[in-house]
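Observations on the three-dimensional arrangement
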Amino acid sequence: MILLRTPSEVSDLVDKQRQSGRQIGFVPTMGALHNGHISLVKESVNQNDFTIVSVFVNPTQFNNADDLINYPRTEEADIALLESSGCDAVFFPAARDIYPAGEKSENFEFHGLENRMEGKFRPGHFDGVATVVKRFLEIIRPHRAYFGEKDFQQLRIIQELVKDLELEVEIVPVPIIREADGLAMSSRNTRLTQAMREESVKILKILQEAGVFMKNHTIEETKKFVEERFGNTELKLEYFEIADEETLQPVSDKESSGKLRGFVAAFAGEIRLIDNISLN
Ligand code: AMP
């Protein structure tokens with residue numbers, strides 16, 4: 001596996017791969033890698049001739065300074081895991097190479113996809129994500145890029161970014177990978193206390209119960225049910241939303257809508273966790 005540190009090293013390598021007619025897959029990550037990330041890498045390895053993973057804790061997508069400082073950084077373990085997953089190259093850029101003009105986001109408009117849920121509770125987050133992804137896509141020019149459904153709103157926003165900017169890259173969604181007990185894998189899980197780790201299993205349980213409950217109840221009743229269920233846990237619910245998968249707009253009538261998904265953000269102690277589930 002090749003280690004890359006600068007954009008020019010990446011461009012040289014990518015040019016050679018493209019000249020040999022190779023298809024390039026790209027997996028952007030913030031490191032502290034786990035099997036959720038590795039599932040994206042394996043999908044890319046299966047579908048492309050050459051897979052590049054980036055590891056970069058992107059400062060502009062953090063709206064909370066402590067979260068940025070405390071974000072786990074595990075470079076050596078990440079390299080070992082990537083080696084064993086069939087990844088061909090890993091790119092560890094310096095912030096100054098990603099943000100030559102200073103660590104600032106561009107302002108984007110995603111036609112309403114960005115206004116609720118993560119966008120509402122993490123102001124500026126998606127501008128930061130879109131800025132860094134756009135920059136990586138410019139440097140790497142992959143044929144395909146892989147994004148997890150764990151961050152479903154992010155995935156939809158990146159699909160919109162690529163459409164709006166007419167970028168020639170296929171965005172490939174990858175399903176959520178979970179721990180054996182159902183907790184969605186996340187780099188932040190390593191920061192959970194033992195007690196909160198046990199409590200956090202309830203997130204998926206409640207989402208699954210909501211799916212059953214909604215069969216015989218309205219959206220409004222289902223939202224209330226979920227709020228009450230979280231009220232009986234040690235988790236602090238930030239939002240629960242039932243939204244259309246395409247538009248991400250909240251839905252009030254389940255019969256008149258397309259594919260519905262339940263989205264949740266909740267605090268387990270200091271740690272903010274997100275998850276989502278298909279509801280029909
Ligand atoms: P992150 O390092 O958290 O920025 O995540 C990098 C990519 O991995 C994003 O596309 C995430 O959606 C994806 N990802 C993170 N956790 C999971 C998971 N548990 N299952 C599937 N994809 C994931």
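See the structure shown above.
These notes cover the structure that comes with them. (Residues numbered from 1 in each chain as written. Predicted model: local features only at pLDDT ≥ 70, side-chain atom pairs only at ≥ 80, totals over all residues. Heavy atoms only, no water.)

It is worth spelling out the overall build of the protein at this point. Scanning the protein from N- to C-terminus turns up eleven helices and nine strands. Taken against the 2.2 N^0.38 rule, which gives 19 Å for 280 residues, the C-alpha radius of gyration of the protein at 19 Å falls within 12% of a compact globule. Referenced to the eigenvectors of the C-alpha coordinate spread, the extents of the protein come out at roughly 55 × 40 × 35 Å. For the protein, the proportion of its 280 residues judged to be buried stands at 55%. For the protein, restricting intrachain contacts to residue pairs at least 6 apart in sequence, the fraction spanning at least 24 positions comes to 72%. Summed over all atoms, the accessible surface of the protein reaches about 13,200 Å², with 47% contributed by carbon and sulfur. Computed over 33 positive and 46 negative side-chain charges, the separation of the two mean positions in the protein equals 1 Å. (Helix = DSSP H or I, 4+ residues; strand = E, 2+ residues; numbered from the N terminus. Rg over C-alpha atoms; globule rule 2.2 N^0.38 Å. Buried < 20%, exposed > 50% of the residue type's maximum accessible area, 1.4 Å probe, protein only. Contact = heavy atoms within 4.5 Å. Areas by Shrake-Rupley, 256 points an atom, 1.4 Å probe, with all protein chains shown as cover. Lys, Arg positive; Asp, Glu negative; His and termini not counted. Charge placed at Lys NZ, Arg CZ, Asp CG, Glu CD.)

It is worth spelling out the side chain of Asp-67 at this point. As for its placement among the helices and strands, Asp-67 is situated in helix 3 (residues 65-70). Of the polar contacts made by the side chain of Asp-67, one reaches the side chain of Arg-188; its length is 2.9 Å. Each residue touching Asp-67, except ones within four places of it in the same chain, is listed here: Phe-62, Arg-122, Arg-188 and Arg-191. (Polar contact = N/O pair within 3.5 Å; in protein donor to acceptor, adjacent residues only side chain to side chain.)

This next bit is on the packing of aromatic side chains. Applying the stated criterion across every chain, the model contains eight aromatic pairs. Taking the centre distance of 5.6 Å and the plane angle of 15° together, the rings of Phe-108 and Phe-110 count as stacked. When its relative accessible area of 18% is taken as the criterion, Phe-108 is described as buried. Residue Phe-110 is classed as buried on the basis of its relative accessible area of 1%. Both rings, one in Phe-121 and one in Tyr-239, keep their centres 5.4 Å apart while their planes meet at 25°; by these two values the pair is stacked. Pair noted here: Phe-121 is in helix 6 (residues 118-121) and Tyr-239 is in strand 7 (residues 236-244), with a separation of 118 residues, a long-range link. In this structure Tyr-239 comes out as buried when scored by relative accessible area, which is 9%. (Phe/Tyr/Trp six-rings, centres within 6.5 Å; stacked < 30°, edge-to-face > 60°.)

As a packed pair, helix 1 (residues 7-19) and helix 7 (residues 125-140) sit with axes 8 Å apart at the nearest point and diverge in direction by 50°. Between helix 1 and helix 7, the crossing angle belongs to the class labelled oblique. The segment helix 1 lies against helix 7, with Pro-7, Val-10, Ser-11 and Val-14 engaging Arg-135, Ile-139 and Ile-140. Per-class residue counts for the contact of helix 1 with helix 7 are five nonpolar, one polar and one charged. (Axes fitted to C-alpha atoms, helices over the stretch in contact; angles between N-to-C directions. Parallel < 35°, antiparallel > 145°, perpendicular 65-115°, else oblique. Nonpolar A, V, L, I, M, F, W, Y, C, P; charged D, E, K, R; others polar.)

Turning next to the site of the ligand. Near the ligand you find 17 residues, and of these His-37, Gly-148, Asp-151, Ile-177 and Met-185 are the closest. With respect to the ligand, the side chain of Asp-151 contributes an N or O atom lying 2.6 Å from an oxygen atom. In this structure, Met-185 approaches the ligand through a main-chain N or O atom, which is 2.9 Å from a nitrogen atom. In the complex, 93% of the free accessible area of the ligand, which totals 490 Å², lies under the protein chains. With three residues, the top contributor of residues to the shell around the ligand is helix 2 (residues 35-47). Partitioning the shell around the ligand into residue classes produces nine nonpolar, six polar and two charged. (Near = heavy atom within 4 Å.)

Where burial is concerned, most of strand 3 (residues 50-55) is hidden: six out of the six residues are buried. Because side chains alternate across strand 3, one face comprises the buried residues Phe-50, Ile-52 and Ser-54, and the other comprises Thr-51, Val-53 and Val-55, equally buried. In this structure, strand 2 (residues 24-29) lies alongside strand 3, joined through six bridges in parallel fashion. Bridging across to strand 3, Phe-26 finds its partner in Ile-52. The handedness of the strand 2 to strand 3 crossover, carried by helix 2, is right-handed. Pairing analysis gives three bridges linking strand 3 to strand 4 (residues 89-91), with the strands arranged parallel. Bridge assignment links Ser-54 to a residue of strand 4, and that residue is Phe-91. (Pairing = 2+ DSSP bridges. Right-handed = clockwise from strand over helix to strand, strands pointing away.)

Nothing here speaks to function; it is geometry throughout.
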